[in-house]
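Summary of the model geometry
Each chain is listed here by its residues.
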Amino acid sequence: MSRPDPDRTDRRSFLQAGAIASAAALSTSAAGANPPAQDPPAAAPGATIPKRALGKAGVEVTMLDQGAIRGPSYDRILRYAFASGIRMFDTAKVYGTEPNLRRWFEQDPEVRKEIFLITKDMPKAPSQLLSMLDERLEALGTDYIDLFFIHGLGDDHSLDDAVNMVVSDEFKQTAEAIRKSGKARFVGFSSHHKDRATIIQKAAEAGYVDAIMLQYRPWLPADSALNRALDTCWEKGIGLISMKQIAGQFFGDKPEGNILDDVSRRVPTLKERNLSPFQGLLHAIWSDERITSVCCSMRNTEQIRENVDAARRFEPLEAADLGLLRDATLAHGPTLCANCDGRCSDAGGTRADLGTLTRYLTYYRHLGDRSEARRQYALLPPEARDWSGADLDSARAACPERLDFARLLPGVDRDLG
Ligand code: SF4
């Protein structure tokens, strides 16, 4: 079988939580003009998929969270996800998708009361969250949101500033003021930063956030800093939402082979349970009881149906099966790292941010988010883009996900440069 076409809208991106699918991968017709592949199923009133408590906040949310997608299909996707039982919806100012939710609420006001709504913004200082929240409420056409996140904590801050952002008195007071106002029920942050283990650990110890959305893998080493940070969150009752858990998996840098068949062969439990490899990954994530929900930017009805089916049939996987699934995934050359502190650059003797470069390549090739990938790449300082002279073999040897930098980085220069 030939290498999967990276431009197709298919299963490769169905779990690309927190990321945005581009209009390029979808229809280019006007919003609402495109009928879905089939109409949303008629859901029985109140029929939802399984729920879990979001930390000590106690509120129950569905184990699946519909992430935002760009493009004209989004209006129908929102309704299909809702009709399929999903009651958690994720957006952000920077995605530009809040107006779609606003239109939905205007057309069906009852929906707003039934869903758990998350949005995000990017303050430089905690107190800015107050005015930002008002702007988000206006954009969404609602008088409250359920969870308000600092978006991508660490991306625009030094590590010290990022930590201070969520452990400071200013943040504590701001979060309390927000909760008291009723404009947002809960406050937290999202992060895929290479130092997110430190940020999450410090935030959990301070205890001012209600929930955190993080880039996650279901095979975190038990002694890793990120695993310990998640333990602290669990002990403190901080809700955890997984994102970006599958982007770049299964459709990586290996050019040959029927990858999905191979994964099923390597992990017999998947076949026994009649699970696709992607459903198996969802079950692997939900097997971690610390994870309340999985944010997936599902961008077609097939993806929603498959993920909802996985949620309804969830049973925890054994540790041995998690190991098999990890090995099968890594065998196919992932392109997106997750559980790591960026040790690849140190090992490669370069100031280039190898983990971030491959992440943007994944956005470009696997998530179809080409313009955003190029935009973010262009924002990197020159030294973070310049991998010339790097010892790529040493970088790969240091990488727990064994990213094949020698194969991937020329593609970064070609596609993003
Ligand atoms: S070592 Fe691997 S997993 Fe870690 S940041 Fe680098 S590319 Fe990502």
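Residues numbered from 1 in each chain as written. Predicted model: local features only at pLDDT ≥ 70, side-chain atom pairs only at ≥ 80, totals over all residues. Heavy atoms only, no water.

The name an unreviewed UniProt entry assigns to the protein chain is L-glyceraldehyde 3-phosphate reductase, from the organism Tautonia plasticadhaerens.

1. What to know about the packing of aromatic side chains
As a reminder of what qualifies: Working definition: a ring pair exists when centres of Phe, Tyr or Trp rings (six-membered ring for Trp) sit within 6.5 Å. Plane angles under 30 degrees give stacked, over 60 give edge-to-face, the rest tilted. Burial classes follow relative accessibility: with a 1.4 Å probe on protein chains only, a residue under 20% of its type's maximum area counts as buried, one over 50% as exposed, and anything between as partly exposed. Helix and strand definitions here come from DSSP, where helices need a minimum of 4 consecutive H or I residues and strands a minimum of 2 consecutive E residues; each element is numbered from the N-terminal end.
Taken as a whole and judged by the stated rule, the model has five aromatic pairs. A ring pair is formed by Trp 104 and Phe 105, whose centres lie 6.1 Å apart and whose planes are at 20°; its orientation type is stacked. Trp 104 sits in the buried class, given a relative accessible area of 3%. In this structure Phe 105 comes out as buried when scored by relative accessible area, which is 5%. Ring centres 6.4 Å apart and planes at 20° place the aromatic pair Phe 116 and Phe 186 in the stacked group. On the criterion of sequence distance, the pair formed by Phe 116 in strand 5 (residues 116-121) and Phe 186 in strand 7 (residues 184-191) is long-range, its members being 70 residues apart.

2. Digging into the pairing of strand 10 (residues 291-296)
What counts is decided by this rule: A strand pair is defined by DSSP finding two or more bridges across the two strands.
Among the six residues of strand 10, six are classified as buried, and the element is accordingly described as predominantly covered. Bridging between strand 3 (residues 64-66) and strand 10 involves three bridges; their strand directions are parallel. Within strand 10, the residue paired with Leu 64 across the bridge is Val 294. By the bridge criterion, three bridges tie strand 9 (residues 239-243) to strand 10 in an arrangement that is parallel. Looking at strand 10, one finds that Leu 240 is bridged to Ile 291.

3. Things to note about the packing of helix 1 (residues 74-83) against helix 2 (residues 98-107)
Our working definition: Note on geometry: axes are C-alpha line fits, over the in-contact stretch for helices, and angles between N-to-C directions span 0 to 180 degrees. Angles are sorted into four bins: roughly parallel if under 35 degrees, roughly antiparallel if over 145, roughly perpendicular if 65 to 115, and oblique for all others. Here is the rule for handedness: rotate from the far helix to the near one, and if that takes an anticlockwise turn smaller than a right angle the crossing is left-handed, while a clockwise turn gives right-handed. It only takes one pair of heavy atoms within 4.5 Å for two residues to be counted as in contact.
Relative to each other, helix 1 and helix 2 sit at 55°, their axes nearing to 10 Å. One finds that helix 1 runs oblique with respect to helix 2. Helix-helix and strand crossings are classified by hand; for helix 1 and helix 2 the assignment is right-handed. The segment helix 1 lies against helix 2, with Tyr 74, Asp 75, Leu 78, Arg 79 and Phe 82 engaging Asn 100, Leu 101, Arg 103, Trp 104 and Gln 107.

4. Regarding the nonpolar core
Inside soluble globular proteins, nonpolar side chains tend to come together where they are buried. Using the following cut-off: Remark: nonpolar core denotes a set of buried residues (Ala, Val, Leu, Ile, Met, Phe, Trp, Tyr, Cys) joined through side-chain atoms within 4.5 Å.
Counting 69 residues, the largest nonpolar core has Ile 86, Trp 104, Phe 171, Phe 189, Ile 200, Ile 212 and Trp 286 as its most contacted members. Among the elements that line this core, the one with the most residues is helix 1, at six residues. Among residues more than four places away in sequence, those in contact with Phe 189 are Phe 149, Ile 150, Leu 153, Val 166, Ile 199, Ile 200, Ala 203, Val 209, Ala 211, Ile 212 and Met 213. Counting 23 residues, the second largest nonpolar core, distinct from the first, contains Leu 354, Ala 373, Ala 384 and Cys 399.

5. Description of the confidence of the model for the protein chain
We count it as follows: A residue's pLDDT is the confidence the predictor assigns to it, expressed on a 0 to 100 scale.
Here the protein chain averages 84 in pLDDT, while 83% of its residues score no lower than 70. Scored below 50 in pLDDT, residues 251-256 shows 29 contacts in the model against residues more than four places distant or in partner chains.

6. Description of helix 16 (residues 370-379)
Stated precisely, the cut-off is as follows: The arc in question is formed by the directions pointing from the helix axis toward the C-beta atoms.
Along helix 16, the positions that sit buried rather than exposed are Glu 372, Ala 373, Gln 376 and Tyr 377. When helix 16 is viewed along its axis, its buried side chains cluster within an angular range of 135° and face the same direction. Away from its buried face, by an angle of more than 90 degrees, helix 16 presents the exposed residues Ser 371, Ala 378 and Leu 379. Of the surrounding secondary structure, the elements contacted by the buried residues of helix 16 are helix 15 (354-365), helix 17 (382-385) and helix 19 (405-416).

7. Considering the pattern of salt bridges
To keep things clear, this is the line we draw: Salt bridges are defined as contacts in which a side-chain nitrogen from Lys or Arg sits within 4 Å of a carboxyl oxygen from Asp or Glu.
This model, assessed by the stated rule, comprises 24 salt bridges. Here Arg 87 and Glu 114 are joined by a salt bridge, their closest N and O atoms 3.6 Å apart. Pair noted here: Arg 87 is in the loop between helix 1 and strand 4 (88-90) and Glu 114 is in helix 3 (residues 109-114), with a separation of 27 residues, a long-range link. According to the relative accessible area criterion, Arg 87 is buried, its value standing at 5%. Where Arg 136 meets Glu 98, a salt bridge forms, and the shortest distance between an N and an O atom there is 2.7 Å. With Arg 136 in helix 4 (residues 128-140) and Glu 98 in helix 2, this residue pair connects regions lying 38 residues apart in the sequence. Among the charged side chains, a network of salt bridges with common partners joins Glu 98, Asp 121, Glu 135 and Arg 136.

8. Topic: the side chain of Ser 345
By secondary structure assignment, the location of Ser 345 is in helix 14 (residues 343-347). Overall, the relative accessible area of 9% leaves Ser 345 in the buried class. Among residues more than four places away in sequence, those in contact with Ser 345 are Thr 350, Ala 352, Asp 353 and Leu 354.

9. What about helix 15?
Worth spelling out the cut-off: Between the first and last residue of a helix there are one fewer steps than residues, each counted as 1.5 Å, and that sum is the expected span.
A rise of 1.5 Å per residue sets the reference length of helix 15, with its 12 residues, at 16 Å; its end C-alpha atoms lie 16 Å apart and thus fit the reference within 8%. For helix 15, a buried count of 12 out of 12 residues is recorded, marking the element as mostly surrounded by other parts of the structure. Residues of helix 15 that are buried sit in contact with strand 8 (211-215), helix 14, helix 16, helix 17, helix 18 (392-398) and helix 19.

10. Considering the packing of helix 7 (residues 196-206) against helix 8 (residues 225-236)
What counts is decided by this rule: When residues are grouped by polarity, Ala, Val, Leu, Ile, Met, Phe, Trp, Tyr, Cys and Pro land in nonpolar, Asp, Glu, Lys and Arg in charged, and all others, Gly among them, in polar.
In contact at an axis separation of 8 Å, helix 7 and helix 8 are set at 20° when each is read in the N-to-C sense. Taken as axis vectors, helix 7 and helix 8 run roughly parallel relative to one another. As helix 7 packs across helix 8, the resulting crossing turns out to be left-handed. Together, Arg 196, Ala 197, Ile 200, Gln 201, Ala 204 and Glu 205 of helix 7 and Ala 225, Leu 226, Arg 228, Ala 229, Leu 230, Thr 232, Cys 233 and Lys 236 of helix 8 make up the contact between the two elements. Per-class residue counts for the contact of helix 7 with helix 8 are eight nonpolar, two polar and four charged.

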